[in-house]
Structures are given as C-alpha cells and as structure tokens.
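If you want the building blocks of each chain, they are given just below.
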Amino acid sequence: MTKDVLLSISGLQFAAKEEEDVEPVEVITAGGYYKKNGKHYIIYDEVTEGVPGSIKNTVKITGDTLFEISKSGAASTRMVFEKDKIHMTSYQTPFGELLVGLHTKDMRMDIREDRIDVDIFYALDINNEPLSECQIKVNVRGVG
C-alpha cells in the first residue's frame, strides 16, 4: 500500500422502530498509511461542522481480530472493536463526556497489498443505556 491513501468510512445506526429510515453517514478523505510491527496504521483529520478545530484520527489494525480508532483534538476517545467482546471507553466531546460501550457482534477484514476493507457490526451503549445496532465500513485504497 502506498503512503498516501484515500479513506472511505460509512456508518449506519439501526434504531429499533426506525430501521426503514436508515441513511448512511459517509466520509471520504485523504490520509496517510504505514505498517509497523505487523500492524496497519491509517491517520486522517476530521472536521466537524459547528465544532472549532479538527480531530486527529488514528486507526490501528492488528491481525484480523482487532480494530481501534483513537481520536484527539476537539474530541478524544479510544474505541476498540474486537469480535464477541464489549469494550467501554470515555468519549470526550466539546459538549461533555460520554461513557460509550461497544459490543462487537461481527467483524470482517480483507487486508491486501493494495487495499484494506473492514466491515464491523456492533451494538452501541451510551452511559450504560442501549442506543442502537450499528455498522461501520472502512475502505482504504492507495493513491498514486
């Protein structure tokens, strides 16, 4: 994979009574890629409307079982996705702190020389209250 990459992240939240009204939220952005000690790293910046500053994101992929997103800046957290496990994390936002629970139900990774595709299905809890079932798709492609 090249050092410069194009990253696409698409997320869906399925609220129990509103499943037919689900629309994905998608972000496509340029980023950087490197591999160190057998782990894949993708780094990109995120700008959120109405929030000053940017958020630096680092995605770390370990094997085909562990996917992590660390955020720092206007918001900060470390979200860990690991199949059949629940990970709790503090999510600092400009509007306050949230306790987030991520129960990864299924995770598929396809890591090749020229691309990375990840599909994660998880349940999301906020402050110990079940919120929704979610899906996130991450596609990384080399540029150049």
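### Some remarks on the overall build of the protein chain
Looking only at helices and strands, the protein chain features zero helices and 10 strands. Helices and strands appear in the protein chain in the N-to-C order β-β-β-β-β-β-β-β-β-β. Taken over the C-alpha atoms alone, the protein chain extends approximately 45 × 35 × 30 Å along its principal axes. Here the protein chain, with 144 residues, has 35% of them falling under the buried criterion. Taking the contacts inside the protein chain whose residues are at least 6 apart along the sequence as the reference set, 35% of them involve residues at least 24 apart.

### Description of the packing of aromatic side chains
The full count for this structure, using the stated rule, is three aromatic pairs. Connected via pairs of aromatic rings, a cluster forms that spans Phe67, Phe81 and Tyr122.

### A look at the pairing of strand β3 (residues 39-46)
Looking along a regular strand, one sees side chains alternate from face to face of the sheet. Sheet topology note: the strand β2 (residues 25-36)/β3 ladder contains five bridges and is antiparallel. In the sheet register, Lys35 faces β3, and the bridge partner there is His40. Here β2 folds back onto β3, and the loop between the two strands holds two residues, one of which, Asn37, carries a positive phi near 50°. One ladder, built from eight bridges, connects β3 with strand β4 (residues 55-62); its direction is antiparallel. Pairing of Ile42 across the sheet is with Val59, part of β4.

### As for unusual backbone geometry
One non-glycine residue with positive phi stands out, namely Asn127, at about 50°. Relative to the elements of secondary structure, Asn127 occurs in the loop between β9 (115-126) and β10 (129-142). Here Asn127 falls in the partly exposed class, since its relative accessible area comes to 42%. Located in the positive-phi region is Asn128, a residue other than glycine, with phi close to 65°.

### What about a nonpolar patch on the surface?
On the surface, Leu6, Ile28 and Val143 cluster together into a nonpolar patch covering about 270 Å² of accessible area. Turning to its location among the elements, Val143 is positioned in the segment after β10.

### Topic: the sheet that holds strand β7 (residues 86-93)
One open sheet holds the 10 strands; their spatial order is β6-β5-β4-β3-β2-β1-β10-β9-β8-β7, and the pairing between them is antiparallel. Edge positions in the sheet fall to β6 (77-82) and β7, since each has one partner strand and no second. Sheet twist, expressed as the average angle between the axes of neighbouring strands with direction ignored, equals 30°. Of the strand pairs in this sheet, β9 and β10 are connected by 12 bridges, and their pairing is antiparallel. Following the sheet pairing, Asp119 is matched in β10 by Lys137.

### Quick notes on the nonpolar core
Note that soluble globular proteins tend to have their nonpolar side chains buried in a common cluster. With 28 residues, the main nonpolar core has Ile42 and Phe67 as its most contacted residues. The set of elements that each furnish at least two residues to this core consists of β1 (4-14), β3, β4, β5 (66-73), β6, β8 (96-111), β9 and β10. If you tally residues by element for this core, the top one is β9, at five residues. Excluding its chain neighbours within four sequence positions, the residues that come into contact with Phe67 are Val59, Lys60, Ile61, Met79, Val80, Phe81, Met107, Met109, Val118, Ile120 and Val138.

So, how was this worked out
Residues numbered from 1 in each chain as written. Predicted model: local features only at pLDDT ≥ 70, side-chain atom pairs only at ≥ 80, totals over all residues. Heavy atoms only, no water. Helix = DSSP H or I, 4+ residues; strand = E, 2+ residues; numbered from the N terminus. Buried < 20%, exposed > 50% of the residue type's maximum accessible area, 1.4 Å probe, protein only. Contact = heavy atoms within 4.5 Å. Phe/Tyr/Trp six-rings, centres within 6.5 Å; stacked < 30°, edge-to-face > 60°. Pairing = 2+ DSSP bridges. Patch = residues over 30% accessible without salt bridge, like charges linked within 9 Å, V, L, I, M, F, W, Y side chains within 5 Å. Areas by Shrake-Rupley, 256 points an atom, 1.4 Å probe, with all protein chains shown as cover. Salt bridge = Lys/Arg side-chain N within 4 Å of Asp/Glu carboxyl O. Axes fitted to C-alpha atoms, helices over the stretch in contact; angles between N-to-C directions. Core = buried A, V, L, I, M, F, W, Y, C linked by side-chain atoms within 4.5 Å.

So yeah, pure geometry; function would need other evidence.
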